[in-house]
Amino acid sequence: MKLIKATEKDIPLIQDLARRSWENAYAEILSGEQMEYMLSTMYSAEEIAAHLQQPHYHYYLIKNESSDSYDGFIGYENGYEEKTTKLHRIYLVPESKGKGVGKYAITFLKEKVSAYGDRRIILNVNKYNPAGSFYKSQGFSIYDEGVFDIGNGFVMDDYLMEFHIEKQAE
């Protein structure tokens, strides 16, 4: 398994991985209309390109080297708040779930965040998404919840989770 920094040439791959993941992860949670709206706005080529042009926003593709295919991707932003990185997105294709890919990506993220100097990782997860249990297993805890208007009459009903990175002894 390897994480590869994404560039603008990878936008179509990111969009494909997002769609494949979302169709599996959100089929029981979101309406088809909301899913299409969110994918077309949050994963438009323009939106992803704008992220890639920001120096503190990073996308990494998760490559399965044994099958020479991609298991998913991760997108995060250092310095989102003071000493805080926000994990904006981590999505895995259905066939890669349960194989340690998510854990590997979260470990990678924790290392990157620590090296950057942030002390906390935050994320939003849909209250009905089983991924909330995965994040808890990786040391994240719920610190708040919220309902966020995302336009077009749709909302996100989320838990806000955090992970605190321990300071290294000097």
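In case you missed it, the structure is sitting above this.
Procedures and definitions
- Residues numbered from 1 in each chain as written.
- Predicted model: local features only at pLDDT ≥ 70, side-chain atom pairs only at ≥ 80, totals over all residues.
- Heavy atoms only, no water.
- Pairing = 2+ DSSP bridges.
- Helix = DSSP H or I, 4+ residues; strand = E, 2+ residues; numbered from the N terminus.
- Axes fitted to C-alpha atoms, helices over the stretch in contact; angles between N-to-C directions.
- Core = buried A, V, L, I, M, F, W, Y, C linked by side-chain atoms within 4.5 Å.
- Buried < 20%, exposed > 50% of the residue type's maximum accessible area, 1.4 Å probe, protein only.
- Phe/Tyr/Trp six-rings, centres within 6.5 Å; stacked < 30°, edge-to-face > 60°.
- Lys NZ or Arg CZ within 6 Å of the ring centre and 35° of its normal.
- Salt bridge = Lys/Arg side-chain N within 4 Å of Asp/Glu carboxyl O.

## Describing the sheet that holds strand S2 (residues 57-64)
Right, on to step 1. One open sheet holds the seven strands; their spatial order is S1-S2-S3-S4-S5-S7-S6, and the pairing between them is mixed. One side of each edge strand has no neighbouring strand; the edge strands of this open sheet are strand S1 (2-5) and strand S6 (141-151). Recorded for the sheet is a direction-independent mean angle of 30° between the axes of neighbouring strands.

## Overview of the nonpolar core
Buried together is how nonpolar side chains tend to be arranged in soluble globular proteins.
Right, on to step 1. Ranked by internal contacts, the top residues of the largest apolar core, which has 23 residues, are Ile 14, Trp 22, Tyr 26, Tyr 43, Tyr 59 and Phe 73.
Right, on to step 2. Those elements giving two or more residues to this core turn out to be helix H1 (11-25), helix H2 (32-42), helix H3 (45-52) and S2.
Right, on to step 3. If you look at the next biggest cluster of nonpolar residues, it comprises 22 residues, including Tyr 60, Ile 90, Ile 106 and Phe 108.

## Some points on the packing of aromatic side chains
Right, on to step 1. Going through the model one piece at a time under the given rule, you end up with 15 aromatic pairs.
Right, on to step 2. Measuring from centroid to centroid gives 6.4 Å for Tyr 43 and Tyr 91, while their planes differ by 75°, and the two rings are edge-to-face. Here Tyr 91 lies in strand S4 (residues 84-92) and Tyr 43 lies in the loop between H2 and H3, a separation of 48 residues in the sequence.
Right, on to step 3. Using a relative accessible area of 3% as the deciding quantity, one classes Tyr 43 as buried.
Right, on to step 4. Looking at Lys 110, its charged tip hangs above the ring of Phe 163, at a distance of 4.0 Å from the centre.

## What to know about the pattern of salt bridges
Right, on to step 1. Per the counting criterion, the structure on display carries 10 salt bridges.
Right, on to step 2. As a salt-bridge pair, Glu 36 and Arg 19 come within 2.7 Å of each other at their nearest N and O atoms. Of this pair, Glu 36 sits in helix H2 while Arg 19 sits in helix H1; the two residues are 17 residues apart in sequence, bridging distant segments of the chain.
Right, on to step 3. We classify Glu 36 as partly exposed; its relative accessible area is 40%.
Right, on to step 4. Taking the shortest distance from any N to any O, the salt bridge between Arg 120 and Glu 162 comes out at 2.8 Å. Pair noted here: Arg 120 is in strand S5 (residues 120-126) and Glu 162 is in strand S7 (residues 154-164), with a separation of 42 residues, a long-range link.
Right, on to step 5. Overlapping salt bridges bring together Asp 16, Arg 20 and Glu 95 as one network.

## What about unusual backbone geometry?
Right, on to step 1. At Asp 68, a residue that is not glycine, the phi angle is positive and equals roughly 55°.
Right, on to step 2. With respect to the helices, strands and loops of the structure, Asp 68 is situated in the loop between S2 and strand S3 (69-81).
Right, on to step 3. If you check the backbone angles, Asn 152 has positive phi at about 60° while not being a glycine.
Right, on to step 4. Inspection of the secondary structure assignment puts Asn 152 in the loop between S6 and S7.

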